Amino acid sequence: MYWATGSTRVLAVEPSLLKLGSDGDDEELELVLPVITSGQDKSSDIDINSQSGIQSRVVKGTGSGIVDMAKNEQGSLWATITRESIQLWVHRPVGVISKVVRTPKSLLDHGANQRVIWKPDSAMLVVVTEQSFLHLYKIAPKGNEGSTYQLSNSKSYALGPGEGVGFPDLTIKFRMTIKMDAGVSSLVGLDSDIVVATVNPPAIQLIPWIGKVDVKTCLIRHMNFLLDKTVKIVSISRFPKTTTQIWCMSDGKAYIVYYTPNVSDTGSPSSVSSSGDSWYGFCFHGNPEGFDMQDAGVVAASNPQYSLLAIGTRGGDVRIFKSGEHAGQWVFSHKLALKESQSYISGTPDKIVSLAWNSDGSALAVGQESRCPSIWSVYGRRLFPSAPHDIPSLKNATEDPYLQGSRTLFWSAGNADLIVLGADDSSSNFYAIPCAKALPSVQNQLSSAPQCLLHLNDRLLVYTEGHRQDVSSTINPDTFVWNNVMVPAVYLSDNWPIRYSCLSQDGHYLAVAGRRGLAHYNLHSCRWRLFGNWQQEQSFRCQGGLAWFKNILIAGCETIEGQRFELRLYQRENNLDNNDVIFTEQFESRIAHISVWRSSLLVYTSNNTLYCYSLGSAKRVDLQLIWKTSLQDIVESPTLLKSVSILTAEGADGNDATHITLLVDGKIYFLRPEFLPDGNVRLSFRQIADKVEYYWMTRSAHDAGDFSLWAFNGKTLKMWWNVFGPGEGEKSLATFAKHNFLEMDIEFYPLAILPDRGIILGLEPEIAIHKPKSLAMFKMATKTHLFLQTILRHVLTHNVDGEWEAYEFAKHYQELGYFGHALEILLHNVLEDEAESGIGFEEGAVLPRVVNFLQQFPHYLDVIVSCARKTEVALWEYLFSIVGAPKDLFEQCLEAEQLKTATSYLLILHTLEPLQTTSQDTVRLLEKTLQAKDFELCKELVRFLNSIDATGATLQQALSMVSLANA
């Protein structure tokens, strides 16, 4: 998951030193000097090898601001256009590596630049001009032309993350111009063609990237799948790595569209009219009857990682659709809560202008015309900015232009930055919002010290229970300390970004893997271990992740030469060297996921096969294949599988049973392998939950063999307990998901479950406005949620032996300093829910069961009085009708010598009973307090007597009674 962090970088396009290209008759001018601006620093870190023959020239236009920008599919190259120029940017190190400026004649004949798109293989660009010309540019190596720029480490300058590769040797070359007489409303690039939607007449054209030959045209009115054939295409987008497209139409409807060329479409080398039967599709957004144009789709973005499709509307909504069970079926899934802020209700609708899923599909960035960009999790949790009510104040308090609205946005390579082009078309700036990434780990929650990791640009933030000193006194988020681990610059400069990370179960060791190679770190000695041989490090990349088994690091690998797929095992104490690999296992396909539990290892490969191995022991690793099987009945595509984990627990027959959990396309499956007589393995499986972003498996705080499943769906957290308990079987498994869970609302994004403390740990974004420039600073605040009271209420409500089961569960937490607080929340929530109905002791009442449960703990009297004092007086009558009269509870406090608690009951008695009775009770309590020599409490009682009678008569009478009693 992704959060904005730190301050935004400002990147700018500025007038540059230019010279004519190699051909003086070219219509374009080519820039040979990089231009870098970041934040307030306008100086360049680039050494210029040659400046001979360079002369200054600025092409004047009606504006010098950035008109549009786009990224290639990997996000490593960006293209920005002004009205008269095109710039080619590289992400790491950030800067312009090539620029083309159009001549005044070109601007006059064809119009200024208007929009830019990439070819999927990053080999070409298309720029649309105001007069509907397509300018095609080739992205090609410079060869021997121009200057080459490289960065190197020095005493005064250290290379940053990803800067070791230097600037790629690329330049922009003008190729051709194509006149679109029918106008251009939208376009998208496919592998072999440019798909162009025309205005008059409304039509679709397929133009090959090689030029205007064999152009295929089909009029909109000839497309039989359209519900209305008089409409025009507003925008076109495509599913990554396919030719499937999403069309948003002028009537507000949205279609999934496919193209299948007929024989007649491919027979002529010249422009042909494509048959309407070559195009087919279906409408998935837009009700034909009573369709509100505020719901009209204007922009779309697909997420193949989760089989989702996002549609942005004219009225400011974002609707998410899910691929159905049948091919070509898309159903509504959920809607993002963009309008929760009061300003949206009272203000005018704000159209969605841009949508961008990140490369792993876990986050969606949303851009609006006049509001702050936002980031959302895959199933609808707001990740940036912070709470909705902060958005209006943020807009008024900051001078950052990108927070006032945007025109386009996208994710950079590695999802490290969200790139935003502000709404001001006269500005030459665009903005990079740095983001931190968190990947909640399934296996790390099963260790004795639950842990989580955050990936930043050049470091990792590590939280592990093993580093915490106080385990019981507080739930204050400030006590949760994140360990800041800097990744060595020598590794990051060549291998950024970090793609995988893993903590050992004891929380002492950390392993990371970037673009190539891997490294591991000792959190006690604070020492890194890297490959000593750079060539060996660069000879492979990690695929499928990392895992620790005792002191053994397990890595899924792919060799660069030969493309061999293998599992490597490294001894932690040995050097990282190919000669010190202790075991290697070859695979036919790329490793996609690995998971370790005790001495069992699961490996899932891209050919949809699951392998189960035995690892032996840490002293003698002996990798033995136990079984393998295909998952084709469960996993439609390997890219849809997000997580796999393995557990072994004692079965009904007393033997260890293997349990496998999968997260596939947002669905959780439980798998149980069964060995057949022929030696093969059959997997029985059941779907447990849907729309799940992440899940965790945790051990019970009081039973090491009792496991709980936690699943977060973007809005609430569901919890199933005793998932692999004794009663397992087909029938038990089939009913498990429906009956054996509870659900709780979480106000932040959860990252770790701490079962021993009864706490959920997570993050919430915060924004601080830095004065005097009013610049926004983004932070991640650690948050906690106490879940004990939620589980206790569920058990007391739904279980026949609820009071006994609740006691067995709660007694393991009663030493926690905040245990009484959890009981108080439990009592308060049940009281408020039942007081209005006045159900009392009738069947189905939960409050009497809660009170009986509370009486099992010494916190009982404190919990009652604390709850009463924080509750409206109108509810007291109902509360004390269940728990007993406050006078009786006061007497119990005196008898149990709980004098401070008895003092709290005096406040309640003073409200409910006459002054004389209260005075007598106070005198009795004062006597006991004096006998106990608790003089601080005596002072509080004297102040109380003085407050209830301003004349002082009650105080004098009480003091005299105490004096007589002591005499």
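Note that the structure is predicted; figures quoted are calculated from it, not measured.

Draft legend 1. Focus on the overall build of the protein chain. Within the protein chain, the regular secondary structure consists of 17 helices and 60 strands. Taking all 967 residues of the protein chain together, the buried fraction comes to 56%. Carbon and sulfur atoms provide 48% of the accessible area of the protein chain, an area that totals close to 40,800 Å².

Draft legend 2. Representation of the sheet that holds strand β42 (residues 540–549). Spatially, β42-β43-β44-β45 is the arrangement adopted by the four strands of the open sheet, whose pairing is antiparallel. The sheet terminates laterally at β42 and β45 (581–587), the two strands that pair on one side only. The average undirected angle you get between the axes of adjacent strands in this sheet is 20°. Two elements, β42 and strand β43 (residues 552–559), share seven bridges in a ladder whose sense is antiparallel. Within the sheet, the bridge partner assigned to Cys542 lies in β43 and is Cys557.

Draft legend 3. The arrangement of helix α10 (residues 847–854) in detail. Burial of α10 is extensive: seven of the eight residues sit out of reach of the surface. Buried residues of α10: Leu847, Pro848, Arg849, Val850, Val851, Phe853 and Leu854, and no others. Buried residues belonging to α10 abut α7 (788–798), α8 (802–810), α9 (819–835), α11 (860–869) and α12 (876–883).

Draft legend 4. Just the pattern of salt bridges, in detail. The full count for this structure, using the stated rule, is 28 salt bridges. A salt bridge links Asp622 to Arg620, with the nearest nitrogen and oxygen atoms 3.9 Å apart. Judged by relative accessible area, which is 27%, Asp622 ranks as partly exposed. Taking relative accessible area as the criterion, Arg620 reaches 59% and is therefore assigned exposed. In this structure, the salt-bridge partner of Arg849 is Glu803, at a minimum N-O distance of 4.0 Å. One end of the pair, Arg849, is in helix α10; the other, Glu803, is in helix α8, with 46 residues separating them in the sequence.

Draft legend 5. The packing of aromatic side chains, seen in detail. Going through the model one piece at a time under the given rule, you end up with 35 aromatic pairs. Taking 6.3 Å as the distance between ring centres and 85° as the angle between the ring planes, the aromatic pair formed by Tyr306 and Tyr379 counts as edge-to-face. Within this pair, whereas Tyr306 is found in the loop between β24 (297–303) and β25 (308–313), its partner Tyr379 is found in the loop between β30 (374–377) and β31 (382–384), the two being separated by 73 residues in sequence. The class of Tyr306 is buried, set by a relative accessible area of 4%.

Draft legend 6. Focus on the pairing of strand β58 (residues 749–754). The buried count for β58 comes to six of six residues, which makes it a mostly enclosed element. In this sheet, strand β59 (residues 759–770) lies alongside β58 in antiparallel orientation, the contact comprising five bridges. Across the sheet, Ile753 pairs through a bridge with Ile760, a residue of β59. In textbook terms, the turn of a hairpin is the stretch between consecutive antiparallel strands, and for β58 and β59 this stretch comprises four residues, one of which, Gly758, has a positive phi near 70°.

Draft legend 7. Up close: empty space enclosed by the protein. Counted according to the given criterion, the structure contains two cavities of 30 Å³ or more. Estimates place the volume of the second largest cavity at around 30 Å³. Looking at the second largest cavity, the residues that line it are Pro401, Arg407, Leu421, Gly422, Ala423, Asp424, Ser427, Asn429 and Tyr431. Elements with a minimum of two residues in the lining of the second largest cavity: β33 (417–422) and β34 (429–438).

Draft legend 8. Structural context of the environment of Thr918. By the element assignment, Thr918 lies in helix α15 (residues 915–931). Under the relative-accessibility criterion, Thr918 is labelled buried at 0%. The spatial distance from the C-alpha of Thr918 to the C-alpha of Leu906 is 7.0 Å, given a sequence separation of 12 residues. With residues up to four places along the chain from it excluded, the contact list for Thr918 reads Leu906, Leu909, His910, Glu913 and Phe944.

Draft legend 9. Seen up close, the environment of Leu530. Structurally, the position occupied by Leu530 is in the loop between β41 (527–529) and α5 (534–537). Beyond its immediate chain neighbours, meaning those up to four positions away, Leu530 contacts Pro488, Val490, Tyr491, Ala519 and Leu576.

Draft legend 10. Representation of the sheet that holds β31. Across the sheet, four strands lie side by side as β28-β29-β30-β31; this open sheet has antiparallel pairing. In this open sheet, the two edge strands, each paired with only one partner strand, are β28 (352–357) and β31. Pairwise comparison of adjacent strand axes, ignoring direction, gives a mean angle of 30° for this sheet. Taken together, the five bridges between β28 and strand β29 (residues 363–368) define a ladder with antiparallel strand orientation. Across the sheet, residue Ala356 finds its bridge partner in β29, namely Ala365.

Draft legend 11. Expanded view of α8. For α8, the full list of buried residues reads Gly802, Ala806, Phe809 and Ala810. Across the axial projection of α8, the buried residues extend over an arc of 90°, all falling on one side.

Draft legend 12. Layout of unusual backbone geometry. A cis amide bond links Phe384 with the next residue in sequence, Pro385, at an omega value of -10°. Along the chain, Pro385 falls in the loop between β31 and α3 (390–397). In this structure, Pro497 follows Trp496 across a cis peptide bond, with omega equal to 0°. Tracing the sequence through the fold places Pro497 in the loop between α4 (489–495) and β38 (500–503). Residue Ser132 is not a glycine yet carries a positive backbone phi of 65°.

Reading the values: rules and limits
Residues numbered from 1 in each chain as written. Predicted model: local features only at pLDDT ≥ 70, side-chain atom pairs only at ≥ 80, totals over all residues. Heavy atoms only, no water. Helix = DSSP H or I, 4+ residues; strand = E, 2+ residues; numbered from the N terminus. Buried < 20%, exposed > 50% of the residue type's maximum accessible area, 1.4 Å probe, protein only. Areas by Shrake-Rupley, 256 points an atom, 1.4 Å probe, with all protein chains shown as cover. Pairing = 2+ DSSP bridges. Axes fitted to C-alpha atoms, helices over the stretch in contact; angles between N-to-C directions. Contact = heavy atoms within 4.5 Å. Salt bridge = Lys/Arg side-chain N within 4 Å of Asp/Glu carboxyl O. Phe/Tyr/Trp six-rings, centres within 6.5 Å; stacked < 30°, edge-to-face > 60°. 1 Å grid on protein atoms, 1.4 Å probe; cavity = no way out; pocket = protein on both sides within 12 Å on 5 of 7 lines; lining within 4 Å. Points joined across faces, edges and corners; volume = space filled by probe spheres on them. Arc of directions from axis to C-beta.

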